[in-house]
Amino acid sequence: MASSTIAERDERLRPSGVVRRLFGRPELGAVAGYLLVLLFFAVVARGTGMFSAAGILSFLEVSAQLGIVAVGAALLMIGGEFDLSVGSMIGFAGIVVALPAVEWGWPLWLCILLAFTVALLVGWVNGMIVSRTGLPSFVVTLGGLFVLRGLTLGITRALTGRTQIPGLRAQLEGDWLAPLFAGEVGTGIMQWLGEMGWIATRPDGLPLASGIPVSILWWLLLTALATWVLLRTRIGNWIFACGGDPAAARNLGVPVAKVKTGLFMFTAVCATIFALVQTLSVGSADVLRGQLKEFEAIIAAVIGGCLLTGGYGSAIGATFGALIFGTVQMGIFYTGVNTDWFKVFLGVMLLVAVLFNNYVRRKATEGR
Amino acid sequence: MMRSRPPLVEVENLSKRFGTVVALSGVSMRVFPGEVHCLLGDNGAGKSTLIKILSGVHRPSAGRILLDGQEVVFHSPRDALDRGIATVYQDLAMIPLMSIARNFFMGREHVVTRGRGLLARLDMRRANAIAREELARIGIDVRDPAQAVGTLSGGERQCVAIARAVYFGARVLILDEPTSALGVKQASVVLRYIAQARARNLGVIFITHNVHHAWAVGNVFTVLNRGRTLGTFGKDEITREQLLTMMAGGRELEELSAELEEFARADAARAIDVAAEEKEVAATLRREVAFGSGFSDDGRRP
Ligand SMILES: Nc1ncnc2c1ncn2[C@@H]1O[C@H](COP(=O)(O)OP(=O)(O)O)[C@@H](O)[C@H]1O
Ligand SMILES: [Mg+2]
């Protein structure tokens, strides 16, 4: 038939093998980058204990804490928006949990419920303002950054006269919900590994690394969930579309405002999970918690292959971005290099990632 | 002829103001099944505005829309889509960074969704297979439906958009300047596809300011000028030259006649390009009719 000849006449498509497909994945750069980082420290931090069980768990925990927030930031960025209020949300959620628990003796479950409700509300407000006004989320959430931090400081000082809320420990003893955010899992396994002599133990025979912090599980869970949603659900399809071309998405029947608002709510929830992990592990809240986390989360997402312009990226990428972050941070600590250099490394890493992403995007959409 | 049947969609006295700009005033038009209704007019004539009202993007300031004789109000593009009015926008309703298959099922994911509730998931294998098959049907060989739409040429993208609309059971297909950014060869692919849609008894609204493209596939022509209609004409009631004169609207007569002379020269002396383009399409159309429309009628469509 005539139609098939046209296909040949135009020599439609270039071959697209497995290699090309693999190179089309957004997280490729971050995975490759992480292997380099590991290789580097395997050599440089040899014999420092960085790669002992305790060392590995410590850089995984640092990565996990950022990763929890970065996954939210990545989804939002893929959906075409930023949230600069994430860091302040962390501080805010911390006092929303700690204040009622310590000052008014609320049960922990109620405080946690309150924190998530407040987070959903903050995310909803962010989303509504952005989609109603059409203002860049960069500006709207920059406002949120100051408002939330100010509220955190104001409320805490007004009610307690301090900027810290200690004394959560007593509340946590024996609470059934606390282990969900603050505990460790796999203590039995670690003990067994210690008894077998496969990991380092203290003089009393207990392993140095007593268990796997639950934050790591939260991190993996959120990454898996976000990846599933992005790649295998209708909502995921819509998230990519909202970031890729909101006007086209709307014309095709995608509820753009709802999707974006949902994403803002998800980032706020991620920030709250982080805050709970931190507050309940440390046993206190501090009004300054979470500062700069908004930028670290965005950096992790970008290193992970998310385009700043939206419509492209992955949760797995953000997770590797966070891993690079955590590993380098702890690696610098273990090797004893002045930590000032960590910031230099971060900045350079960010620039390299953005350049690389731009290149990948050009490749992916090269017209003919 | 087919115009004796009831219209699929009808607009009555449609007006639209954007602040102080009057984009449309008192436009009426009827589209019948199995016709390609060309909407012609210069830039800013109000063509896009008219079809954006029809597809639920804008609400009219005055006037009404009738679908199968019933008055309808569209609150969103989704409303219009659900009623079988599918639009392929000038500014391409495609997301370049997303895959062909994902674009194909955008907003219609339920068709390739498996499972329910929390376990509802996209069956990408099936989505890829359907997208590839539907595109093969119109002569676009997509070896990898998972590749980004951005890698397709403009003509192919238009075809994907049209194929999608037809696949999802559109009854009215609106195309806003689908050929204006394309070369001759690619444009003829799109034009041929428009003719296929007509053969399937869809009502097609085809916006263009290329009279040759309109003439090649259209059977009814409505000319807009500065937000008003200059009339609707069957192909047997008007000539290509008259259409062009009307489209040009306020332009100088001399300028026009010069252009018309050039037409005559082109047609007579060289007898290529303009005419060739039309002829190629006409020839393919004849083949389409001879071989069947290229769409199957096995009721496979959802
Ligand atoms: N969203 C809008 N806001 C303000 N003015 C608009 C808008 N859309 C179209 N117009 C104006 O309406 C008129 C008709 O535009 P349009 O329908 O796009 O014309 P065409 O598609 O025929 O070139 C133009 O003067 C245009 O500037
Ligand atoms: Mg237009």
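About the criteria used
- Residues numbered from 1 in each chain as written.
- Chains lettered and ligands numbered in written order.
- Predicted model: local features only at pLDDT ≥ 70, side-chain atom pairs only at ≥ 80, totals over all residues.
- Heavy atoms only, no water.
- Helix = DSSP H or I, 4+ residues; strand = E, 2+ residues; numbered from the N terminus.
- Rg over C-alpha atoms; globule rule 2.2 N^0.38 Å.
- Buried < 20%, exposed > 50% of the residue type's maximum accessible area, 1.4 Å probe, protein only.
- Contact = heavy atoms within 4.5 Å.
- Areas by Shrake-Rupley, 256 points an atom, 1.4 Å probe, with all protein chains shown as cover.
- Lys, Arg positive; Asp, Glu negative; His and termini not counted.
- Charge placed at Lys NZ, Arg CZ, Asp CG, Glu CD.
- Expected span 1.5 Å × (residues − 1).
- pLDDT = per-residue confidence, 0-100.
- Pairing = 2+ DSSP bridges.
- Axes fitted to C-alpha atoms, helices over the stretch in contact; angles between N-to-C directions.
- Salt bridge = Lys/Arg side-chain N within 4 Å of Asp/Glu carboxyl O.
- Near = heavy atom within 4 Å.
- Polar contact = N/O pair within 3.5 Å; in protein donor to acceptor, adjacent residues only side chain to side chain.
- Nonpolar A, V, L, I, M, F, W, Y, C, P; charged D, E, K, R; others polar.
- Phe/Tyr/Trp six-rings, centres within 6.5 Å; stacked < 30°, edge-to-face > 60°.
- Lys NZ or Arg CZ within 6 Å of the ring centre and 35° of its normal.
- Core = buried A, V, L, I, M, F, W, Y, C linked by side-chain atoms within 4.5 Å.

K.L.:
Just to check I follow, could you spell out the overall build of chain A for this structure?
P.N.:
When helices and strands are counted, chain A shows 17 helices and 4 strands. Against the globule reference of 21 Å for 368 residues, chain A gives a C-alpha radius of gyration of 23 Å, in line with a compact fold. Residues counted as buried form 51% of the 368 residues belonging to chain A. Across chain A, every contact between residues at least 6 apart in sequence was considered, and the portion connecting residues at least 24 apart equals 78%. Accessible surface computed for chain A: about 16,500 Å², of which carbon and sulfur atoms make up 69%. Placing the 25 positive and 19 negative side-chain charges of chain A at their respective mean positions leaves the two points 9 Å apart.

K.L.:
What is the right way to look at helix α6 (residues 108-133) of chain A in this model?
P.N.:
Every α-helix winds through 3.6 residues per turn, so residues three or four apart in the chain are directed the same way. All names here are of chain A. Under the 1.5 Å per step criterion, the end-to-end length of α6 is 37 Å for 26 residues, consistent within 8% with the ideal 38 Å. Of all the positions in α6, only Leu 108, Cys 111, Ile 112, Ala 115, Val 118, Ala 119, Val 122, Gly 123, Asn 126, Gly 127 and Val 130 are classed as buried. Buried residues along α6 sit in contact with α5 (86-103), α7 (137-160), α8 (169-172), α9 (179-182) and α14 (256-282). Immediately downstream of α6, the backbone of Gly 134 shows phi near 70°, a positive value.

K.L.:
Explain the confidence of the model for chain A here, please?
P.N.:
When pLDDT is low, close inspection of the predicted coordinates is not appropriate. Summary statistics for chain A give a mean pLDDT of 87 and a share of 92% for residues scoring 70 or more. Every residue in residues 1-15 of chain A scores below 50 in pLDDT, and together they form 34 contacts with partners more than four places removed in sequence or on other chains.

K.L.:
What's the story with the sheet that holds strand β11 (residues 220-225) of chain B in this structure? I'm lost.
P.N.:
Residue and element names in this part refer to chain B. Read from one edge of the open sheet, 6 strands run β6-β9-β10-β3-β11-β12, paired in mixed fashion. Of all strands in the sheet, those with a lone pairing partner are β6 (85-88) and β12 (228-234), marking the two edges. Strand-to-strand twist of the sheet, defined as the mean angle between neighbouring strand axes without regard to direction, takes the value 15°. Its contacts with the sheet put helix α1 (residues 47-54) on β3 (36-40), β6, β9 (172-176), β10 (203-207) and β11, and the angle it makes with β10 is roughly 150°. Packed onto the sheet, helix α8 (residues 240-248) meets β3, β11 and β12 and runs at close to 20° relative to β11.

K.L.:
Looking at this structure, how should I read the pattern of salt bridges?
P.N.:
Considering all chains together, one arrives at 12 salt bridges over all chains under this definition. Across the pair A:Glu81 and A:Lys260 runs a salt bridge, and its minimum N-O distance is 2.8 Å. Of this pair, A:Glu81 sits in the loop between α4 (53-78) and α5 while A:Lys260 is found in helix α14, placing the two residues 179 residues apart along the sequence. For the pair A:Glu81 and A:Lys260, one class covers both residues: buried. A salt bridge links B:Asp123 to B:Arg114; its shortest N-O distance comes to 2.7 Å. We classify B:Arg114 as partly exposed; its relative accessible area is 46%. Among the charged side chains, a salt-bridge network with shared partners connects B:Glu12, B:Arg64 and B:Glu71.

K.L.:
Which parts of the structure should I look at to understand the site of ligand 1?
P.N.:
Residues and elements named next belong to chain B. Around ligand 1 sit Phe 18, Val 21, Ala 23, Asp 42, Asn 43, Gly 44, Ala 45, Gly 46, Lys 47, Ser 48 and Thr 49, and that is every residue in its neighbourhood. One nitrogen or oxygen atom from the main chain of Ala 45 is found 3.2 Å from an oxygen atom belonging to ligand 1. Taking Lys 47, its main chain carries an N or O atom lying 2.8 Å from an oxygen atom of ligand 1. Starting from 560 Å² of accessible surface for ligand 1 in isolation, the protein chains cover 60%. Those elements giving two or more residues to the shell around ligand 1 turn out to be β2 (21-31) and α1. Per-element tally for the shell around ligand 1: the top contributor is α1, with 3 residues. Within the shell around ligand 1, the residues separate by chemical class into 4 nonpolar, 5 polar and 2 charged.

K.L.:
What's the story with unusual backbone geometry in this structure? I'm lost.
P.N.:
Note: most residues except glycine have negative phi, and most peptide bonds are trans. Of note in this structure, A:Leu292 is not a glycine but carries a positive phi near 75°. One can find A:Leu292 in the loop between β4 (285-286) and α15 (293-303). One non-glycine residue, B:Asp68, lies in positive phi territory at about 50°. Inspection of the secondary structure puts B:Asp68 in the loop between β4 (62-67) and β5 (70-72).

K.L.:
What is the right way to look at the side chain of A:Ser85 in this model?
P.N.:
Residue and element names in this part refer to chain A. Turning to its location among the elements, Ser 85 is positioned in the loop between α4 and α5. Residue Ser 85 is classed as buried on the basis of its relative accessible area of 2%. Engagement of the side chain of Ser 85 in a polar contact is seen with the side chain of Asn 126, the distance being 3.3 Å. Not counting residues within four places of it along the chain, the set of residues in contact with Ser 85 comprises Asn 126, Thr 141, Gly 144, Leu 145 and Leu 148.

K.L.:
What exactly am I supposed to notice about the packing of aromatic side chains here?
P.N.:
What describes a pair of aromatic rings is the distance from one ring centre to the other and the angle between the planes of the rings. Residue and element names in this part refer to chain B. Summed over all chains, the structure comprises 15 aromatic pairs over all chains. Geometrically, the ring pair formed by Tyr 167 and Phe 168 is edge-to-face, given 5.0 Å between the ring centres and 85° between the ring planes. Three or more aromatic residues link up through ring pairs in this structure, and these residues are Phe 104, Phe 105, Tyr 167 and Phe 168. When the ring centre of Trp 215 is taken as reference, the NZ or CZ atom of Lys 235 above it lies at 5.2 Å.

K.L.:
Is there a simple way to explain the environment of B:Thr239 in this structure?
P.N.:
Along the chain, B:Thr239 turns up in the loop between β12 and α8. Spatially, the C-alpha atom of B:Thr239 lies 9.1 Å from that of B:Trp215, the residues being 24 residues apart in sequence.

K.L.:
Is there a simple way to explain the nonpolar core in this structure?
P.N.:
Across soluble globular proteins, nonpolar side chains show a tendency to be buried alongside one another. A:Ile68, A:Met89, A:Val254 and A:Leu280 are the most contacted members of the largest nonpolar core, which totals 112 residues. Among the elements that make up this core, the one with the highest residue count is α14(A) (15 residues). Non-local contacts of A:Met89, meaning those with residues more than four positions away in its chain, are made with A:Ala119, A:Val122, A:Leu148, A:Ala268, A:Ala271 and A:Thr272. B:Ala101, B:Phe104, B:Met124 and B:Ala163 belong to the second-largest nonpolar core, a separate cluster that totals 60 residues.

K.L.:
Help me out: how do you make sense of the sheet that holds β5(B) in this one?
P.N.:
Hydrogen bonds between backbone atoms are what pair the strands of a sheet, whose relative direction is either parallel or antiparallel. Residue and element names in this part refer to chain B. Spatially, 4 strands are ordered β2-β1-β4-β5 in an open sheet, and the strand pairing comes out antiparallel. Of all strands in the sheet, those bounded by a partner on one side alone are β2 and β5. Across the sheet, the mean angle separating the axes of adjacent strands is 30° when strand polarity is ignored. The pairing of β4 with β5 spans 3 bridges and is antiparallel. For Leu 67, the partnering residue across the bridge sits in β5 and is Gln 70.

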